[in-house]
Amino acid sequence: IFLLRMGKYMALKLSDKFIKSFVSDEEIKAITPDVDAAVATLRNRTGAGSEMLGWMDLPVDYDKEEYARIKAAAKKIQSSCDLFIVIGIGGSYLGARAAIEFIRSPMYNQLKKDTPDIYFVGNSISADYMNEILDICEGRDVCVNVISKSGTTTEPAVAFRIFREMLEKKYGKEGARERIFVTTDRARGTLKGFADQAGYQTFVVPDDVGGRFSVLSAVGLLPIAVAGFDIDKLVQGAADMEAATAPGVPFEENPSAVYAAVRNILYAQGKKIEILVNFQPKLHFMNEWWKQLYGESEGKDLKGIFPAAVDFSTDLHSMGQWIQEGERTIFETVISVETPEHTLLFPHDEENLDGLNF
């Protein structure tokens with residue numbers, strides 16, 4: 001599992017009593033050699049797909065020059081536009097959107113900040129949605145970040161053509177050039193060739209990093225920085241998480257290894273669906289990103305746990321019935337925010353007409 005954190009995190013450990021209520025010591029003992037072998041395969045980069053494990057290095061070993069250019073571009077965008085359009089699909093937008101909306105909800109972003117409004121396009125082919133965003137751009141200064149390793153993925157390619165045309169009509173080709181930022185392959189691909197020809201500023205999707213794992217590259221860091229967040233702290237949080245799961249950390253204390261082991265045991269028990277649960281509306285896109293990470297990574301060879309997600313307590317009044325009394329093929333993983341940013345006290349009412357004083 002790939003985790004990002006802000007501040008203190010609560011590690012999942014085998015000592016947690018609730019784990020022992022549905023996973024036995026014998027099952028843990030039996031799977032431990034498989035866990036150790038999987039960790040070794042990952043760390044030694046000897047398994048299938050090992051050429052795409054660059055994401056493991058991103059928290060601690062990254063291009064410092066590129067990182068500085070990301071910060072400089074973010075400041076330029078903040079000073080030159082009040083609307084920032086991020087074009088991408090899948091990992092090209094979900095990680096950034098999850099981080100941005102987790103730190104500040106969309107409603108709060110629109111009301112109380114001095115950074116550009118951020119809209120994500122290129123993740124659908126809805127003409128209604130695209131037209132609504134184009135309408136929002138009317139009378140406002142706009143910058144665009146198009147994110148695609150190849151440049152030929154249909155949804156972002158269509159959106160880029162539409163928004164490039166809008167910018168060129170609004171600012172002319174020369175003016176548009178200063179407002180278009182491209183995140184793509186280092187040396188090849190349709191978008192890279194087009195960006196070089198047009199003279200757009202470019203950033204790199206590393207060759208050995210897949211899209212869904214790219215949030216700690218320019219793919220995620222540029223939009224997150226434009227939103228006004230401290231990407232130094234974000235990367236440090238990821239580095240801390242890397243240390244918590246590093247070689248030498250005992251299996252029973254490694255939250256990633258424990259989580260993987262428990263999931264595999266439950267899968268063997270016939271639990272084929274995992275439901276990720278949050279109790280914070282601003283974690284909605286963390287759920288969406290998680291679904292992509294797990295669905296794309298595990299859904300192979302006619303195997304894999306099906307990733308679903310719910311927003312509680314809202315979905316307790318819809319999906320809650322099925323979760324509690326439907327077919328027993330599911331297990332739930334709950335995101336618990338130990339210390340919310342705010343508290344809200346429930347008011348006392350002397351008449352207690354609603355019966356809620358308890």
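One can find the structure itself at the top, above this paragraph.
The structure contained in this document is the topic of the report that follows. Predicted model only: the values in this text are computed from it and were never measured.

Calculation notes
- Residues numbered from 1 in each chain as written.
- Predicted model: local features only at pLDDT ≥ 70, side-chain atom pairs only at ≥ 80, totals over all residues.
- Heavy atoms only, no water.
- Core = buried A, V, L, I, M, F, W, Y, C linked by side-chain atoms within 4.5 Å.
- Buried < 20%, exposed > 50% of the residue type's maximum accessible area, 1.4 Å probe, protein only.
- Helix = DSSP H or I, 4+ residues; strand = E, 2+ residues; numbered from the N terminus.
- Contact = heavy atoms within 4.5 Å.
- Phe/Tyr/Trp six-rings, centres within 6.5 Å; stacked < 30°, edge-to-face > 60°.
- Patch = residues over 30% accessible without salt bridge, like charges linked within 9 Å, V, L, I, M, F, W, Y side chains within 5 Å.
- Areas by Shrake-Rupley, 256 points an atom, 1.4 Å probe, with all protein chains shown as cover.
- Salt bridge = Lys/Arg side-chain N within 4 Å of Asp/Glu carboxyl O.
- Lys, Arg positive; Asp, Glu negative; His and termini not counted.
- Charge placed at Lys NZ, Arg CZ, Asp CG, Glu CD.

The subject of this paragraph is the nonpolar core. Counting 51 residues, the largest nonpolar core has I77, I118, L216, L221, L222 and I224 as the members making the most contacts within it. Among the elements of the structure, α3 (64-80), β1 (83-87), α4 (94-103), β2 (117-121), β3 (142-147), α9 (218-226), α10 (231-244) and α12 (284-298) are those that each provide at least two residues to this core. Among the elements that make up this core, the one with the highest residue count is α9 (seven residues). Sequence-distant contacts of I118, defined by excluding residues within four places in its chain, comprise F84, V86, I100, P223, V226 and A227. Among the nonpolar cores identified, the runner-up in size contains 23 residues, and A159, L167, V182 and A198 belong to it.

The linkage connecting F312 with the following residue, S313, adopts the cis geometry, with an omega of 5°. Mapping S313 onto the fold places it in the loop between β7 (306-311) and α13 (320-325). Located in the positive-phi region is D301, a residue other than glycine, with phi close to 55°. Classification of D301 as exposed rests on a relative accessible area of 66%.

Here the focus is the packing of aromatic side chains. Counted according to the given criterion, the structure contains nine aromatic pairs. Look at Y62 and Y67: their rings are 5.0 Å apart centre to centre, the planes differ by 45°, and that puts the pair in the tilted class. Classification of Y62 as partly exposed rests on a relative accessible area of 25%. Y67 sits in the buried class, given a relative accessible area of 9%.

Right, let's get into a negative patch on the surface. Residues D128, E132, D135 and E138 make up a contiguous surface patch of negative charge. Locating D128 in the fold gives a position in helix α6 (residues 127-137).

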